[in-house]
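Here is how the chains run, residue by residue.
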Amino acid sequence: MTAAESSEAVPAAPVPFLDMIRVNAEFREDLENALRAVFDHGRFVGGPEVELFETTFARYCGTDYAVGVGNGTDALELILAALGIGHGDEVLVPTNTFVATAEAVIAVGARPRFVDVLPDTLLIDPEAAAAAVTSRTVAIMVVHLFGQVADMDRLLPTAQRHGLAVIEDAAQAHGASFDGRRAGSIGTAAAFSFYPGKNLGAVGDGGAVVSPDPSLIHKVRRLADHGRAANERHRHEARGRNSRLDSLQAAVLLTKLRSLDAANERRCALVARYHARLPAAVRPVLQHPKSRSVHHLAVVQVDDRSAVIRRLDEARIGWGIHYPTPCHRQPAFANHAEGGFPVAERAANRILSLPMFPTMTSLEVDRVCAVLALNGGAVRC
Ligand SMILES: *Cc1c(COP(=O)(O)O)cnc(C)c1O
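Residues numbered from 1 in each chain as written. Predicted model: local features only at pLDDT ≥ 70, side-chain atom pairs only at ≥ 80, totals over all residues. Heavy atoms only, no water.

Some remarks on the site of the ligand
1) Next: Taken together, 13 residues form the shell around the ligand, and within it Gly 72, Thr 73, Asp 169, Ser 193 and Lys 198 come nearest.
2) Next: Note that an oxygen atom of the ligand is positioned 3.5 Å from one of the side-chain N or O atoms of Asn 71.
3) Next: Separating an oxygen atom of the ligand from a side-chain N or O atom of Gln 172 is a distance of 2.8 Å.
4) Next: A total of 380 Å² of accessible area belongs to the ligand in isolation, and the protein chains cover 92% of it.
5) Next: By residue class, the composition of the shell around the ligand is 4 nonpolar, 7 polar and 2 charged. (Near = heavy atom within 4 Å. Polar contact = N/O pair within 3.5 Å; in protein donor to acceptor, adjacent residues only side chain to side chain. Areas by Shrake-Rupley, 256 points an atom, 1.4 Å probe, with all protein chains shown as cover. Nonpolar A, V, L, I, M, F, W, Y, C, P; charged D, E, K, R; others polar.)

Shown next, in the form of structure tokens:
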């Protein structure tokens, strides 16, 4: 039997885009023990795991303080609210991001001012950001999309010149760095999401605000807990809300944080393998030389996306698009769509996210690359 015949006889296994069961399987026993400990002490909200996670995660990010909150979107909104940003204020937001970044701005009553992205990294374009500053601009949302920290060398001077707060949306960038500084330690404050599929994922929703500024952290903590005074439970000093990281999620996150660097290293190795084997027509997004990505997503650009997707579907290979519609084109943000965003619009039709998760195997990468290398026509794998 020839190699071709044998591969026809035994269909190759599907490659999932992301397999949460496989991601968590290696922690199963540790996770179960960590969860059992919470059941044993019974403090499901505000248990000791939360505080321990906050201090451990702040240190991991290379900053001083962290507050666990309900999810990444709340983290963004709480930072804006704690900075006093609201009605009449404008916040710069890259149009190529998950909608949550812009949603948070609108939720506090401020106005997102969308900014185009760079064609090679698809991260916020520092020149376009500088050009979008008006007298009402008070902050810039720097989104470290796909796991790569944006070009802080060119963004920070603009923020400094105009006195803007720098809010890092680090929901996809746990452990990433720029010029040796970790995501979350560079700006005024940073928001993290622990949605299950993120590089550091809970088994449900979770998020955190990190910052070197103790007074900002105090305000976030108070807002997220009904505006409650730190030492007087029934005194409500601010109009707050409820957005907390619970003890079970904190226990899971503490367990998984121990292997986050190793998981990020595996993502880097898988991306290196992709880069070595992808056909020339499939072009990965580029990395800034100073930026160490943690490759939350493996994003490539192709000319003929629907044909490529058809091939992946036929071969049972998972894929995604992050994101098919730039924010300025979303109906929900139609009031904020002024300006042209040619780079983001072109990219939206060309981007494709390939399978990526830390327990993915090299063989799976090879299979994806082999299918992508097939030049149209009938796919046999
Ligand atoms: C996931 C994500 C968020 C929102 O986080 P949630 O925990 O889902 O609320 C915000 N911004 C970006 C870039 C994200 O990827």
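With respect to helix α5 (residues 72–82)
1) Next: Along α5, 9 of the 11 residues are buried, which leaves the element largely enclosed by surrounding structure.
2) Next: Considered for burial, the residues of α5 that qualify are Gly 72, Asp 74, Ala 75, Leu 76, Glu 77, Leu 78, Ile 79, Leu 80 and Ala 82.
3) Next: The distance from a side-chain oxygen at the start of α5 to the backbone nitrogen of Thr 73 is 3.0 Å, and the residue carrying that oxygen is Asn 71.
4) Next: Positive phi appears at Gly 84, one or two residues downstream of α5, with a value of about 75 degrees. (Buried < 20%, exposed > 50% of the residue type's maximum accessible area, 1.4 Å probe, protein only. Helix = DSSP H or I, 4+ residues; strand = E, 2+ residues; numbered from the N terminus.)

Some details on the environment of Glu 232
1) Next: Structurally, the position occupied by Glu 232 is in strand β11 (residues 232–236).
2) Next: Residue Glu 232 is classed as partly exposed on the basis of its relative accessible area, which comes to 44%.

Examining the packing of α5 against helix α6 (residues 100–107)
1) Next: Across the interface, α5 lies against α6 with an axial gap of 9 Å and an inter-helix angle of 40 degrees. The angle between α5 and α6 falls in the class oblique. Here the hand of the crossing between α5 and α6 comes out right-handed. Side by side, α5 and α6 meet where Thr 73, Leu 76, Glu 77 and Leu 80 of the first sit next to Ala 100, Thr 101, Glu 103, Ala 104, Val 105 and Ala 107 of the second.
2) Next: Looking at the contact of α5 with α6 residue by residue, the class counts come to 6 nonpolar, 2 polar and 2 charged. (Axes fitted to C-alpha atoms, helices over the stretch in contact; angles between N-to-C directions. Parallel < 35°, antiparallel > 145°, perpendicular 65-115°, else oblique. Left-handed = near helix turned anticlockwise from the far one by under 90°. Contact = heavy atoms within 4.5 Å.)

Topic: the sheet that holds strand β15 (residues 351–354)
1) Next: Across the sheet, 3 strands lie side by side as β12-β14-β15; this open sheet has antiparallel pairing. Of all strands in the sheet, those bounded by a partner on one side alone are β12 (283–284) and β15.
2) Next: The sheet contact formed by β12 and strand β14 (residues 298–301) spans 2 bridges and is antiparallel. Across the sheet, Arg 283 pairs through a bridge with Gln 301, a residue of β14. (Pairing = 2+ DSSP bridges.)

Quick look at the environment of His 328
1) Next: Note that His 328 resides in the loop between α12 (305–314) and α13 (342–348).
2) Next: Among the polar contacts listed, one links the side chain of His 328 to the side chain of Thr 95, at a separation of 2.7 Å.

Section: the pairing of strand β9 (residues 207–211)
1) Next: With 5 of its 5 residues buried, β9 lies for the most part within the structure.
2) Next: Burial along β9 is two-sided: Gly 207, Val 209 and Ser 211 and Ala 208 and Val 210, pointing in opposite directions, are all buried.
3) Next: Pairing geometry for strand β1 (residues 65–69) and β9, over 5 bridges, is antiparallel. Following the sheet pairing, Ala 66 is matched in β9 by Val 210.
4) Next: Where strand β8 (residues 189–193) lies against β9, 4 bridges are found, and the strand directions are antiparallel. Bridging across to β9, Phe 192 finds its partner in Ala 208.

What is shown is where atoms sit, not what they do.
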